[in-house]
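Architecture at a glance
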Amino acid sequence: MKSEKQKMLSGELYLATDNELLSERERASQLVFEIHSLPPGNPQKQLLFKKLLGTTGNSFVIEKGFHCDYGYNIHLGENFYANVNCTILDCAEVRIGNNVLFAPNVGIYTAGHPLDTTLRVAGQEFAYPVTIGDNVWLGANVLVLPNVTIGANTVIGAGSVVTKNIPANVVAVGNPCRVVKELTTS
Ligand SMILES: CC(=O)SCCNC(=O)CCNC(=O)[C@H](O)C(C)(C)COP(=O)(O)OP(=O)(O)OC[C@H]1O[C@@H](n2cnc3c(N)ncnc32)[C@H](O)[C@@H]1OP(=O)(O)O
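Going by an unreviewed UniProt entry, the protein carries the name Acetyltransferase and comes from Filimonas zeae. Per UniProt, the comment on the protein under Sequence similarities (unreviewed entry) is "Belongs to the transferase hexapeptide repeat family."

Brief notes about the pattern of salt bridges
Inspection of the entire model under this criterion finds 4 salt bridges. We note a salt bridge from Glu 4 to Lys 7, for which the minimum N-O separation is 3.0 Å. Of the two residues, Glu 4 and Lys 7 both sit in helix H1 (residues 4-9), 3 residues apart, roughly one turn of that helix. Arg 95 is the salt-bridge partner of Glu 93, the closest N and O atoms lying 3.0 Å from each other. Overall, Arg 95 belongs to the partly exposed group, its relative accessible area being 39%.

Let's talk about helix H2 (residues 19-37)
Its 19 residues place the ends of H2 27 Å apart at the C-alpha level, agreeing with the 27 Å of an ideal helix rising 1.5 Å per residue. Of all the residues in H2, the buried ones are Leu 21, Glu 24, Ala 28, Leu 31, Val 32 and Ile 35. Summarising the axial view, the buried residues of H2 lie within an arc of 100°, below the 170-degree limit, and thus occupy one face. Opposite its buried face, H2 presents the exposed residues Asn 19, Glu 26 and Phe 33, each directed more than 90 degrees away.

A closer look at the packing of aromatic side chains
For the coordinates displayed, the defined rule picks out 5 aromatic pairs. Seen from their ring centres, Tyr 70 and Tyr 72 are 5.7 Å apart, and the 50° between their planes marks the pair as tilted. Exposure remark for Tyr 70: the relative accessible area of 0% places this residue in the buried category. Between Phe 126 and Tyr 128, the aromatic rings sit 5.0 Å apart at their centres with planes inclined by 35°, giving tilted as the arrangement. According to the relative accessible area criterion, Phe 126 is buried, its value standing at 17%. Assessed through its relative accessible area of 32%, Tyr 128 is described here as partly exposed. Taken together, the aromatic side chains of Phe 49, Phe 60 and Phe 66 make up a single cluster linked through ring pairs.

Let's talk about unusual backbone geometry
With the exception of glycine, most residues fall at negative phi, and the peptide bonds are largely trans. Residue Pro 176 is bonded to the preceding Asn 175 through a cis peptide linkage, with omega at -5°. With respect to the element layout, Pro 176 can be found in the loop between strand S18 (170-173) and strand S19 (178-182). Non-glycine residue Asn 153 carries a positive phi angle of around 75°. Relative to the elements of secondary structure, Asn 153 occurs in the loop between strand S15 (149-150) and strand S16 (155-156).

Here is what the cut-offs are and how they apply
Residues numbered from 1 in each chain as written. Predicted model: local features only at pLDDT ≥ 70, side-chain atom pairs only at ≥ 80, totals over all residues. Heavy atoms only, no water. UniProt positions renumbered as here; feature names shortened; annotations may be inferred. Salt bridge = Lys/Arg side-chain N within 4 Å of Asp/Glu carboxyl O. Helix = DSSP H or I, 4+ residues; strand = E, 2+ residues; numbered from the N terminus. Buried < 20%, exposed > 50% of the residue type's maximum accessible area, 1.4 Å probe, protein only. Expected span 1.5 Å × (residues − 1). Arc of directions from axis to C-beta. Phe/Tyr/Trp six-rings, centres within 6.5 Å; stacked < 30°, edge-to-face > 60°.

The structure is reproduced here in structure tokens:
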């Protein structure tokens, strides 16, 4: 029989109140607390992020106010920058390419609850992955919902809610987020 964690990672309905998942979220919460307790510029912060996250590049900056559920499902490329108050609910994998910029208050949400009231009230959840390509810039307050891929070099305008895949080399804006411009790569 599959554990709740195995179900979570394979996109099936699962119970987040499971003991294994509870203790993994507690571990992440503890590490995030330690990170937030350190003064700006303290090199220990990068070490704690490396312990928390699944993969990081050699060079990355994550400003204050970062939150995640598990940490180990987050995979960062090189030169990642996240401005303040970045929230990543990483119940499924979040893969972020190289040279990606997040403006303040970006939210990446892999998690959801069923629309069926009985299942939702019973505590069932699901999670689908999010993938963000190389050189992507997410503007302030962008929200990315479960099962979304954003292609390389794309810019998502401030305040957008990304509900579906967005191709490479475009500007896309709005709620729901739609392509408004093609970009020619320099
Ligand atoms: C690490 C950090 O990033 S910190 C910096 C934080 N800064 C931000 O978050 C700023 C993010 N920037 C934006 O949202 C910008 O508007 C950009 C990058 C999307 C502008 O892209 P451009 O291609 O230059 O857009 P342009 O200004 O030509 O607008 C194209 C159309 O989209 C609309 N539009 C632009 N941005 C948005 C937006 N965020 N939401 C809704 N509509 C928008 C414009 O009104 C315009 O509409 P129109 O054709 O009907 O007049």
